[in-house]
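Listed below are the residues making up each chain.
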Amino acid sequence: MTTRPSGGRGRRRRRPLLAAAALAAALAASAVLSGFHVGLQAIDPAGAEARSEIAGIQPVGIRTFTAPEGIRVEADLEYGTREDGTLLTLDVCRPALSDVAHASDADAAGDDAVPSPRASLPAVVSIHGGSWARGDKANADWRNVCLWLASEGFVAVSVNYRLVPDAVFPAQLDDVALAVSWLREPEQVERFDLDPARIGAFGGSAGGNLAALLGATGDGPLDEGSRVAAVAELSGPVALDALDGGDAWLRGIVADYVACDPDDLETGCPAAADASPTSRLDASDPPVFIGHAVGEVIPLAQSERFASALRAVAVPVELAVVPGAEHSIGILDAQLRARVAAFLHAHLG
């Protein structure tokens with residue numbers, strides 16, 4: 001989502017791999033890096049469509065984070081394709097090798113000093129915002145989220161997913177769920193030295209909705225399939241069938257996401273309820289961290305409603321309400337980063 005009242009109907013452009021001659025060199029380089037196949041279409045953010053949900057250029061939230069040296073980034077890895085030819089990609093940010101070595105040493109010290117050559121790390125899937133219609137895993141702010149999570153010792157996995165209007169719910173949820181399942185494949189477990197039993201999700205704004213949906217989907221063990229063991233979400237619209245006084249802009253982007261008329265969201269749109277984490281909860285769901293600013297564009301009552309629903313089914317929840325009107329990762333300053341990291345470490349180990 002964006003704090004700008006206009007928008008909500010932007011289109012992320014798609015282009016075929018076989019582009020005009022003027023773009024051939026650039027696409028060839030992209031193909032080498034991303035493993036593209038002829039005939040597939042890459043989700044291609046461009047210009048304003050890739051912008052962050054933090055409006056303006058002010059140094060707030062995640063923009064106050066400076067990444068340490070040594071973090072390893074692998075960009076544009078393919079995690080799946082869809083029937084329409086859409087290529088789904090993600091970025092992986094991993095802790096510096098020195099940090100991994102220290103973790104291995106600590107493991108060895110706690111196991112009768114038996115050497116542990118490689119640490120098995122928890123992972124966090126990072127889901128960008130942008131009204132379900134724009135944004136990108138690698139815009140400056142979400143790349144900084146990826147680097148921050150890696151600096152905390154997680155294998156951070158920043159995903160792109162299909163966007164409105166080319167795709168509507170549940171396509172977005174299907175995509176991020178696929179990314180989790182992809183991570184659990186033995187090839188990825190070995191490739192990134194991650195622990196498939198310790199995968200969490202983090203998202204902001206529209207990505208907060210999707211992170212919360214990941215946690216609320218399914219009822220099996222939290223270490224199998226696309227289940228996650230912890231969720232941290234910021235400013236997510238989590239009750240789309242009860243928008244708590246949300247304005248016309250919010251109602252419009254939600255209606256686009258679930259393919260319903262804005263006037264039908266509360267009473268005549270089953271997809272709005274299905275896309276609402278608040279309505280999908282049960283006691284098997286993972287612990288949830290919720291962050292929200294008092295005066296932001298998403299009504300605070302959304303997060304309060306979600307926290308109450310989690311408590312009602314005995315799912316552990318931490319609600320952090322911060323002052324101001326910043327939105328999503330715009331509230332992710334040093335203090336909130338410390339709280340989110342502590343929560344993820346506590347529940348992912």
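Residues numbered from 1 in each chain as written. Predicted model: local features only at pLDDT ≥ 70, side-chain atom pairs only at ≥ 80, totals over all residues. Heavy atoms only, no water.

Draft legend 1. Structural detail: unusual backbone geometry. At the junction of Val164 and Pro165, the peptide bond is cis and its omega measures out at 5° in the coordinates. Position of Pro165 relative to the elements: it lies in the loop between strand S6 (155–159) and helix H4 (171–183). Of note, the amide linkage connecting Phe169 to Pro170 takes the cis form, showing an omega dihedral of 15°. Considering the arrangement of structural elements, one finds Pro170 in the loop between S6 and H4. One non-glycine residue with positive phi stands out, namely Asp244, at about 55°. Looking at the element boundaries, Asp244 is found in the loop between strand S8 (230–234) and helix H7 (248–258). Accessibility expressed as a relative area gives 27% for Asp244, which makes it partly exposed. (Helix = DSSP H or I, 4+ residues; strand = E, 2+ residues; numbered from the N terminus. Buried < 20%, exposed > 50% of the residue type's maximum accessible area, 1.4 Å probe, protein only.)

Draft legend 2. Structural view of the pairing of strand S4 (residues 86–94). Among the nine residues in S4, nine count as buried, and that is most of the element. Burial along S4 is two-sided: Thr86, Leu88, Leu90, Val92 and Arg94 facing one way and Leu87, Thr89, Asp91 and Cys93 facing the other are all buried. Pairing geometry for strand S3 (residues 72–81) and S4, over seven bridges, is antiparallel. Its bridge partner lying in S4, Glu74 is registered against Val92. The antiparallel pairing of S3 with S4 creates a hairpin that spans four residues between the two strands, and Gly85 there sits at a positive phi of about 90°. Two elements, S4 and S6, share four bridges in a ladder whose sense is antiparallel. Looking across to S6, one finds that Val92 is bridged to Val157. (Pairing = 2+ DSSP bridges.)

Draft legend 3. Local environment of the environment of Asp91. With respect to the helices and strands, Asp91 occurs in strand S4. In the structure, Asp91 is positioned 34 residues away from Val125 in sequence and 9.9 Å away in space, judged by C-alpha atoms. Looking at Asp91, its side chain comes within polar contact range of the side chain of Arg143, at 2.8 Å. (Polar contact = N/O pair within 3.5 Å; in protein donor to acceptor, adjacent residues only side chain to side chain.)

Draft legend 4. Molecular detail of H4. Counted at 1.5 Å a residue, the expected span for H4 with its 13 residues is 18 Å, and the 19 Å between its end C-alpha atoms agrees. Counting buried positions along H4 gives ten out of 13 residues, so the element sits mostly inside the fold. Restricting attention to buried positions, one finds in H4 the residues Ala171, Gln172, Leu173, Asp175, Val176, Ala177, Ala179, Val180, Trp182 and Leu183. (Expected span 1.5 Å × (residues − 1).)

Draft legend 5. Examining the side chain of Arg227 more closely. Along the chain, the position of Arg227 falls in the loop between helix H6 (206–216) and S8. When its relative accessible area of 6% is taken as the criterion, Arg227 is described as buried. Engagement of the side chain of Arg227 in a polar contact is seen with the backbone oxygen of Thr217, the distance being 2.8 Å. Excluding residues within four positions of it along the chain, Arg227 makes contact with Val180, Arg184, Gly215, Thr217, Gly218, Asp219, Gly220, Pro221, Leu222, Ser284 and Asp285. (Contact = heavy atoms within 4.5 Å.)

Draft legend 6. Expanded view of the state of the cysteines. On inspection of all chains with the given rule, the structure shows two disulfides. Across the disulfide, Cys93 is cross-linked to Cys146 (sulfur-sulfur distance 2.1 Å). Between Cys93 and Cys146 the disulfide shows an S-S torsion of about 115°. By sign, it is right-handed. With Cys93 in strand S4 and Cys146 in helix H3 (residues 140–151), the pair connects residues that are 53 residues apart, well separated along the chain. Both residues of the pair, Cys93 and Cys146, belong to the buried class. Each disulfide pairs two cysteine sulfurs, and for Cys260 the partner residue is Cys269, the sulfurs being separated by 2.1 Å. In this structure, the disulfide formed by Cys260 and Cys269 twists by about 85° around the S-S bond and is classed as right-handed. Of note for the protein chain: the bonded cysteines, numbered N- to C-terminal, pair according to 1-2, 3-4. (Disulfide = S-S within 2.5 Å.)

Draft legend 7. Region of the structure containing the pattern of salt bridges. If you walk through the whole model with that rule in mind, you get 14 salt bridges. Among the salt bridges present, the one from Asp175 reaches Arg82, with a minimum N-O distance of 2.8 Å. Taken together, the residues span a long stretch of sequence, with Asp175 in helix H4 and Arg82 in the loop between S3 and S4 at a distance of 93 residues. We classify Asp175 as buried; its relative accessible area is 0%. (Salt bridge = Lys/Arg side-chain N within 4 Å of Asp/Glu carboxyl O.)

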